[in-house]
Amino acid sequence: MRQQWVGRPLPRFEDEALLRGAGRYLDDLDPAPNACHAAVLRSQLAHARIAKLDPSAALELPGVVGVLTGADVAELSRPFPAGVDCPIPYRAAAVDVARYAGEPLAVVVARDRYVAEDALELVEVDYEPLEPVLDPLTAAATERLLASDRSFRYGDPESALASAHLVVRERFAFPRWSGTPLECYGVVADWDEATGSLTAWANFQGPFTLHSVAAAALGLPGSKLRLITPPDSGGSFGIKSTVYAYVVLMGLASRKLGVPVRWIEDRLEHLAGSSGATARITDVEAGFSADGELLALRYDVVEDVGAYVRAPEPATLYRMHGSLSGAYRVRHVAARNRVVTTNRCPTGLNRGFGGPQLYFALERTMAIAARRLSLDPAELARRNLIRADEQPYRTPSGGLYDSGDYAACLDDALRLARYEERVAERDRARSEGRLVGIGVACIVEPSISNMGYITLARTPEQRAGELPKSGNAEGASVQVSPLGGITVRVATAGQGQGHATVCAQIVADQLGVGPADVEVITEMDTSTSAWTVSSGSYSSRFSGVSAGAVLRAAERVAAKARRIAAHLLECDPDDVELAGGRAVVTGSADGISLRRVAGVAHWNPEALPPGLEPGLQATAFHAAPNLDPPDADDRIASSAAHGFVADVAVVEVERETGRVLVLDYVSVHDAGRLLNPLLAAGQVRGSFAHGAGVALLERTVYDADGNLLTGSFMDYLCLTAPELPPLTTGHRQSPSPFTPLGAKGLGEGTTMSVPAAIGNAVADALGRDDIELPLTAPRVWELLA
Amino acid sequence: MIPIEITVNGRRYRETVPARLLLSDFIRHTLGLTGTHVGCEHGVCGCCTIILDGTSIRSCLFLAVQADGSELRTVEGLAGGGELTALQRAFRERHALQCGFCTPGILMAAVDFLGRHPEPSREQVVGLLSGHLCRCTGYEPIVEAILDAAGER
Amino acid sequence: MKPAPFRYERPETLEEALGLLAEHGEEAKVLAGGQSLVPLLSMRFARPAVLVDVNRLPGLDGIAAENGHVRAGTLARQSAFGEAPPVLERVPLATEAVPHIGHFATRNRGTVGGSIAHADARAELPLALVALGGSAVLASRRGRREVAADDLFVTHFTSALEPDELLVETLWPAAGPGWGCAFEELALRAGDYALGMTACVLHIEEARIAVARVAVGAVTDRPTVIPEAGELLAGEAVDATLAREAGRAAARAVDPVDSLHASAAYQRHLTGLLVERAVLRAWEAAL
């Protein structure tokens with residue numbers, strides 16, 4: 001059957017409601033009538049013993065329902081499990097000791113949020129200050145704060161480094177930052193004492209592995225934690241995966257106080273107490289031959305995950321494990337990964353998830369090597385890029401790249417950027433004393449995470465005795481009503497990516513209808529949706545695996561519809577085609593409407609072909625291939641699909657002020673087949689803005705005592721329109737052999753590449769290697785001064 | 001508690017509110033007009049922007065009692081029950097929204113802005129957007145959509 | 001982020017407003033545009049017992065030229081002020097400064113008087129008023145007084161307003177022939193508080209500077225005139241070298257402290273640079 005809708009730049013069906021203000025975000029819903037409102041009492045200090053926490057005055061305030069304290073949390077729940085055995089247990093609220101400024105100490109529940117905040121001020125807290133640790137290297141040298149220390153070795157990096165013509169040894173620091181969705185966290189929790197179960201509505205993102213983490217903390221089988229996400233979510237970028245901790249906290253408050261509890265996080269709480277990307281220090285050793293072949297790479301990484309190892313951490317480190325060698329053919333790779341805790345808010349998923357940190361170190365290293373080898377950086381990259389005829393390509397650390405001509409993408413980017421002209425212009429500008437620089441970044445963008453990669457944080461010996469983890473799967477349902485209406489239900493819990501539109505496109509092609517004829521239910525309910533632990537929208541997995549599940553379910557419904565139609569039309573099902581809302585016999589005028597087929601399936605099962613079940617619906621699961629658990633040598637295919645991004649940045653640094661002006665930015669992507677080019681462009685642009693944000697402005701800052709200095713949107717500087725660099729994009733489409741529609745993720749690539757490319761350009765402009773992000777005017781000026 | 005009378009999108013409301021109730025909370029939770037969103041409650045993000053007596057303002061920086069006697073427009077009032085406006089259509093065509101959380105505030109600011117600057121330059125539109133955070137779209141499609149809508153007027 | 005309880009008063013007349021301020025003194029807070037105050041209420045950094053909403057006081061939003069200055073009622077909104085014909089014609093410094101204040105929707109609501117009375121050392125309008133040598137009229141039950149801008153700003157967030165006083169209007173000296181001005185600031189993002197800011201006002205007679213006022217903000221605890229820069233310029237014709245010297249004089253005169261986004265050294269350097277640029281532009285404008 002000819003596909004017509006997938007691949008088209010169709011505007012979104014979602015927009016009609018959103019543009020009318022008729023979206024349904026969490027705080028727009030009133031799912032548990034008579035819910036009381038919660039406010040969270042948070043630690044003022046980064047590290048302190050809570051000597052006293054006395055809510056009695058708060059309880060006296062009219063309108064206050066009750067208070068849940070850290071002691072209650074300890075009594076009613078267990079610590080959250082995580083990927084490593086951490087000496088410091090993590091719970092939904094601090095028990096005895098607070099370990100970051102902003103950590104929940106108690107929850108006050110009242111008639112409304114205003115009164116709840118009044119009551120917060122009446123809770124008496126006595127702190128006994130403890131010494132905070134903010135420096136990750138200090139933490140790495142402190143046994144109690146070193147949560148994990150693993151070393152990996154692939155090939156023979158020592159020999160390769162020893163024989164190298166050039167060894168680059170550099171340290172790179174990547175700052176902590178956050179995607180800061182504009183809708184903050186929200187939870188409505190309703191504990192049912194009769195059944196001992198919790199129903200929670202939350203703008204939780206997934207992965208739904210974290211549903212199991214939350215249920216384990218509550219001591220419930222998953223069936224007694226019903227988690228429902230609303231149809232709309234105001235952005236997440238990874239950040240809302242951590243809502244689960246507050247599902248538990250509010251669930252416990254509801255349980256203790258016997259009322260439904262509603263908590264809408266405010267922006268100050270969000271910046272202090274939600275989540276963020278890890279800060280990372282990476283020491284790189286990279287060996288090169290005289291003609292620029294990258295021979296060996298060695299990383300020594302210290303990853304700061306904040307006060308606790310909070311699931312899914314330390315996943316930020318391992319998400320990229322199969323891509324330690326980036327886009328390059330290097331065969332000898334080593335890494336030491338240390339995960340440390342410091343007195344900052346715990347980290348978690350954030351757009352790019354490990355990619356920005358890895359590629360900043362790797363691509364800065366490549367640029368430094370190019371300079372030391374007197375090679376053009378684009379030429380150095382080209383000499384090392386994995387070749388198209390090597391695909392699918394197995395990386396030294398076990399990654400399995402799928403498709404793509406990386407060098408061709410790079411050439412596209414150089415052409416779009418007028419690279420040679422730009423280089424000449426730069427050299428001319430330099431001779432006039434201007435600070436112009438060009439940066440290149442070539443990165444592989446993994447998508448569809450292997451749920452098993454996190455087990456790399458444990459040794460092969462530890463893993464041997466445990467349930468292996470692997471794969472990435474998603475479920476979806478398609479049903480056709482007795483009147484022929486088509487409904488799709490997905491468990492992606494998206495946050496604005498346009499899943500409903502793309503699902504409608506996919507199903508429309510399979511059932512021979514228009515996408516406007518397909519209703520897509522994006523509300524996720526763990527009690528009724530078809531889902532797996534890997535459900536959710538993260539690791540850019542929708543187009544590869546979620547779309548696959550929708551396709552499989554639609555294929556099954558289509559096959560059944562053809563069988564029914566064939567029976568009614570007295571022909572072979574293979575001769576039935578679904579098109580134009582009808583089932584027609586190929587090459588003839590005979591046919592019946594899809595509505596009629598559905599009607600028969602529902603109303604007249606006696607007319608169905610013998611042995612066929614009544615009804616017209618299917619639930620299907622699709623699992624991405626090749627995602628085995630890590631092997632005994634710690635190799636893992638950490639993702640199922642791999643796109644490629646080649647970027648060129650041209651900058652000028654204003655000598656007098658240190659301001660970085662991005663004159664031109666070109667980004668060329670190969671993300672396989674684009675299911676909807678309009679939406680794909682939106683993902684690339686949005687990802688670019690996040691990458692540019694962390695390159696130029698955004699950073700979460702704590703002072704030496706662990707106080708958060710970027711605690712409001714006046715201090716945490718999200719990129720706005722006037723600061724946005726100009727962007728030119730290009731696309732190639734090398735279908736992935738590993739996804740049903742040939743699509744790969746593309747929502748994170750530029751967040752991974754832009755910090756590296758702009759960093760390289762600024763380093764080139766300044767002629768020095770010690771640049772640090774974000775490259776704000778004052779910080780760049782300090783380098784010039 | 002203070003009695004107030006407010007007209008929103010042409011409909012008159014009489015309510016009694018506490019002095020400290022923020023207008024954003026009043027619109028969302030007292031009136032149930034949840035299209036107006038709250039993203040920071042300190043005036044930076046722009047999500048809660050509405051039109052009060054013809055001028056766009058941040059509803060989180062305004063008390064409900066202050067709006068007594070005023071006429072408000074919120075995103076729900078743009079198209080009413082009818083077709084989307086040219087501005088709304090331009091947002092859809094340009095894919096100028098993803099999660100949609102910032103969108104109502106930007107639409108309301110843009111309505112006011114285009115009323116006063118019917119033929120804006122790109123730079124002016126970018127300047128308008130300095131007061132609105134969007135974390136999904138990378139802004140450019142929003143700039144294009146507003147310019148498209150200006151061109152259609 | 002919800003305000004603590006307060007009593008809300010909305011006087012209909014100036015007399016009533018001044019009576020409320022006299023009655024409640026430091027317990028009261030005046031609510032004008034609210035663009036600074038309401039976030040402080042929501043964060044509970046400000047907790048007045050009584051909020052006196054002056055927005056409905058009649059006759060306090062006018063903008064008019066008279067006797068060598070432009071008189072702006074305290075309730076004139078920032079956006080209206082920046083685009084008002086008398087301001088466009090006679091106070092170009094204010095027109096230059098206004099677009100740096102916040103954003104479109106906050107300028108719609110934020111008032112000129114509120115910005116002056118708030119006395120934020122990082123705010124644009126106080127700096128412009130100081131550079132121009134303007135003044136403010138303060139009213140109370142005890143009477144009215146006009147306070148020169150130089151004397152109005154005491155320190156960050158503190159003005160010479162007594163608790164029972166309401167700022168009712170500001171007076172912006174008009175520029176005539178031979179006057180030139182320039183406003184310069186650098187912020188990390190459009191509309192943010194500046195890392196450095198300066199306003200320069202020059203009067204030229206016979207191709208020499210007769211009057212020079214250079215003021216800086218953001219790096220000082222209040223908008224501050226830099227007399228060293230003015231003295232350097234007086235009697236001279238501006239060229240690149242002199243502008244740079246004026247900038248250096250300003251940089252030497254300020255004593256910033258490290259902030260979240262910029263070191264003291266940067267703020268000092270930037271102040272010098274912005275003064276240099278402003279002096280050059282003001283000179284061009286005055287010629």
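Residues numbered from 1 in each chain as written. Chains lettered and ligands numbered in written order. Predicted model: local features only at pLDDT ≥ 70, side-chain atom pairs only at ≥ 80, totals over all residues. Heavy atoms only, no water.

Observations regarding the overall build of chain C
So, point 1. A count of helices and strands for chain C gives twelve helices and 14 strands.
So, point 2. In terms of overall dimensions, chain C is globule-like: its C-alpha atoms have a radius of gyration of 19 Å, near the 19 Å expected for 287 residues.
So, point 3. With the principal axes as the frame, chain C shows a C-alpha extent of 55 × 45 × 30 Å.
So, point 4. Counting the 287 residues in chain C, one finds 60% classified as buried.
So, point 5. Counting contacts in chain C only where the partners sit at least 6 residues apart, residues at least 24 apart contribute 62% of the total.
So, point 6. Charged side chains in chain C number 27 positive and 37 negative. The centres of these two groups are separated by 6 Å. (Helix = DSSP H or I, 4+ residues; strand = E, 2+ residues; numbered from the N terminus. Rg over C-alpha atoms; globule rule 2.2 N^0.38 Å. Buried < 20%, exposed > 50% of the residue type's maximum accessible area, 1.4 Å probe, protein only. Contact = heavy atoms within 4.5 Å. Lys, Arg positive; Asp, Glu negative; His and termini not counted. Charge placed at Lys NZ, Arg CZ, Asp CG, Glu CD.)

Focus: the packing of aromatic side chains
So, point 1. Counted under the stated rule, the structure contains 17 aromatic pairs over all chains.
So, point 2. Ring geometry for Phe204 of chain A against Phe208 of chain A: centres 5.0 Å apart, planes inclined by 85°, an arrangement best described as edge-to-face.
So, point 3. We classify Phe208 of chain A as buried; its relative accessible area is 0%.
So, point 4. Between Trp781 of chain A and Tyr266 of chain C the ring centres are 5.3 Å apart and the planes differ by 70°, which places this aromatic pair in the edge-to-face class. Of this pair, Trp781 of chain A sits in helix α21 (residues 777-784) while Tyr266 of chain C is found in helix α12 (residues 264-286), placing the two residues in two different chains. Across the pair, Tyr266 of chain C and Trp781 of chain A agree in class, each one buried.
So, point 5. Put simply, the rings of Phe80, Tyr90, Tyr244 and Tyr308 of chain A touch in pairs and so form one group of aromatic residues.
So, point 6. Above the ring of Trp5 of chain A, the side-chain terminus of Arg8 of chain A is found at 4.1 Å from the ring centroid.
So, point 7. Over the aromatic face of Tyr193 of chain C sits the side chain of Arg122 of chain C, whose NZ or CZ is 3.8 Å from the ring centroid. (Phe/Tyr/Trp six-rings, centres within 6.5 Å; stacked < 30°, edge-to-face > 60°. Lys NZ or Arg CZ within 6 Å of the ring centre and 35° of its normal.)

Things to note about the domain arrangement of chain B
All names here are of chain B.
So, point 1. Under the domain assignment, chain B is made up of domain 1 (2-78) and domain 2 (81-152).
So, point 2. Taking only C-alpha atoms into account, the centre of domain 1 sits 21 Å from that of domain 2.
So, point 3. Across the contact, 19 residues belong to domain 1 and 16 residues belong to domain 2.
So, point 4. A buried area of about 1400 Å², summed over both sides, lies between domain 1 and domain 2, and 66% of it is on carbon and sulfur atoms.
So, point 5. Here domain 1 and domain 2 share zero salt bridges between them.
So, point 6. Put simply, domain 1 and domain 2 have five residue pairs in polar contact (both at pLDDT 80 or more) between them.
So, point 7. Of all elements in the fold, only β3 (49-52) and β4 (55-58) reach the threshold of two or more residues within the side of domain 1 that touches domain 2.
So, point 8. When the residues that make up the side of domain 1 that touches domain 2 are grouped by side-chain class, the tally is eight nonpolar, nine polar and two charged. (Domains from an automatic or database assignment. Buried area = accessible area lost by both parts, 1.4 Å probe. Salt bridge = Lys/Arg side-chain N within 4 Å of Asp/Glu carboxyl O. Polar contact = N/O pair within 3.5 Å; in protein donor to acceptor, adjacent residues only side chain to side chain. Nonpolar A, V, L, I, M, F, W, Y, C, P; charged D, E, K, R; others polar.)

Things to note about the side chain of Ser546 of chain A
Residue and element names in this part refer to chain A.
So, point 1. Tracing the backbone through its elements, the reader meets Ser546 in helix α17 (residues 542-569).
So, point 2. Side-chain polar atoms of Ser546 contact the side chain of Arg541, separated by 3.3 Å.
So, point 3. Those residues in contact with Ser546, other than ones at most four positions away along the chain, are Glu474, Thr492 and Arg541.

So, the environment of Ala408 of chain A
All names here are of chain A.
So, point 1. By the element assignment, Ala408 lies in helix α13 (residues 406-416).
So, point 2. Residue classification places Ala408 among the buried residues on the basis of a relative accessible area of 13%.
So, point 3. With 324 residues separating them in the primary sequence, Ala408 and Arg732 have C-alpha atoms 8.9 Å apart.

Topic: the sheet that holds strand β7 (residues 146-154) of chain A
Whether parallel or antiparallel, the strands of a sheet pair through hydrogen bonds between backbone atoms.
Residues and elements named next belong to chain A.
So, point 1. Strands sit in the order β7-β15-β14-β13-β8 across an open sheet of five strands; the sheet is mixed. Looking at strand neighbours, the two that pair on one side only are β7 and β8 (166-174), the edges of this open sheet. The mean inter-strand angle of the sheet, taken between neighbouring strand axes irrespective of direction, is 10°.
So, point 2. The sheet contact formed by strand β13 (residues 279-288) and strand β14 (residues 294-304) spans ten bridges and is antiparallel. Across the sheet, the residue bridging to Ala286 is Leu297, located in β14. (Pairing = 2+ DSSP bridges. Axes fitted to C-alpha atoms, helices over the stretch in contact; angles between N-to-C directions.)

Section: the packing of helix α11 (residues 240-253) of chain C against α12 of chain C
Residues and elements named next belong to chain C.
So, point 1. One way to put it is that α11 packs onto α12 with a least axis distance of 7 Å and a crossing angle of 145°. Along this stretch, α11 crosses α12, giving a crossing that reads as right-handed. Of the residues in α12, those in contact with Ala240, Ala243, Arg244, Ala246, Gly247, Ala250, Ala251 and Arg252 of α11 are Arg268, Gly272, Val275, Glu276, Val279 and Leu280.
So, point 2. When the residues that make up the contact of α11 with α12 are grouped by side-chain class, the tally is eight nonpolar, two polar and four charged. (Left-handed = near helix turned anticlockwise from the far one by under 90°.)

Here we look at helix α5 (residues 122-129) of chain B
So, point 1. Those residues of α5 of chain B that sit buried are Val125, Val126, Leu128 and Leu129 of chain B. Seen end-on, α5 of chain B carries its buried residues on one side only, within an arc spanning 155°. (Arc of directions from axis to C-beta.)

Topic: the interface of chain B and chain A
So, point 1. Across the boundary between the two partners, chain B contributes 50 residues, which contact 49 residues of chain A.
So, point 2. The closest approach of N and O atoms between Glu698 of chain A and Arg135 of chain B, which form a salt bridge, is 2.7 Å.
So, point 3. Taken together, the links from chain B to chain A amount to 24 residue pairs in polar contact (both at pLDDT 80 or more).
So, point 4. Among the secondary structure elements, those contributing two or more residues to the side of chain B that touches chain A are α1 (23-30), α2 (76-79), α3 (86-93), α4 (103-116), α5 and α6 (140-152) of chain B.
So, point 5. Broken down by element, the residue count for the side of chain B that touches chain A peaks at four residues, all from α3 of chain B.

Here we look at the interface of chain C and chain B
When the parts of a complex come together, some accessible area is lost, and that lost area is often used as the size of the interface.
So, point 1. The interface is formed by 31 residues belonging to chain C together with 34 residues belonging to chain B.
So, point 2. Taken together, both faces of the contact between chain C and chain B bury some 2400 Å²; the carbon and sulfur share is 59%.
So, point 3. At the junction of chain C and chain B, the tally comes to three salt bridges.
So, point 4. There are twelve residue pairs in polar contact (both at pLDDT 80 or more) connecting chain C and chain B.
So, point 5. Put simply, the parts of the chain that give the side of chain C that touches chain B at least two residues each are α2 (37-42), β3 (50-53) and α6 (104-109) of chain C.
So, point 6. The biggest single contributor to the side of chain C that touches chain B is α6 of chain C, with five residues.

Some remarks on the packing of helix α11 (residues 355-372) of chain A against helix α12 (residues 377-384) of chain A
Two quantities define a packed helix pair, namely the angle between the axes and the distance from one axis to the other.
Residue and element names in this part refer to chain A.
So, point 1. Where α11 meets α12, the axes come as close as 9 Å, and the angle between the chain directions of the two elements is 110°. With respect to α12, the axis of α11 lies roughly perpendicular. Read as a crossing pair, α11 and α12 show a hand that is right-handed. Residue-level contacts link Met366, Ala369 and Ala370 of α11 to Pro377, Leu380 and Asn384 of α12.
So, point 2. Its residues assigned to classes, the contact of α11 with α12 comprises five nonpolar, one polar and no charged. (Parallel < 35°, antiparallel > 145°, perpendicular 65-115°, else oblique.)

Considerations on helix α18 (residues 594-603) of chain A
So, point 1. Looking only at α18 of chain A, the buried set comprises Leu594, Val597, Ala598, Gly599, Val600 and Ala601 of chain A.
So, point 2. Contacts from the buried residues of α18 of chain A go to β19 (473-480), β20 (486-490), α16 (499-511), α17, β24 (582-585) and β25 (591-593) of chain A.

A closer look at unusual backbone geometry
So, point 1. Across the junction of Glu313 of chain A and Pro314 of chain A, the peptide omega takes the value 5°, indicating a cis bond.
So, point 2. With respect to the helices and strands, Pro314 of chain A occurs in the loop between β14 and α10 (315-318).
So, point 3. Of note in this structure, Glu570 of chain A is not a glycine but carries a positive phi near 55°.
So, point 4. Inspection of the secondary structure puts Glu570 of chain A in the loop between α17 and β23 (576-579).
So, point 5. According to the relative accessible area criterion, Glu570 of chain A is exposed, its value standing at 73%.
So, point 6. At Tyr139 of chain B, a position not held by glycine, the phi torsion is positive, near 65°.
So, point 7. Structurally, Tyr139 of chain B can be placed in the loop between α5 and α6.

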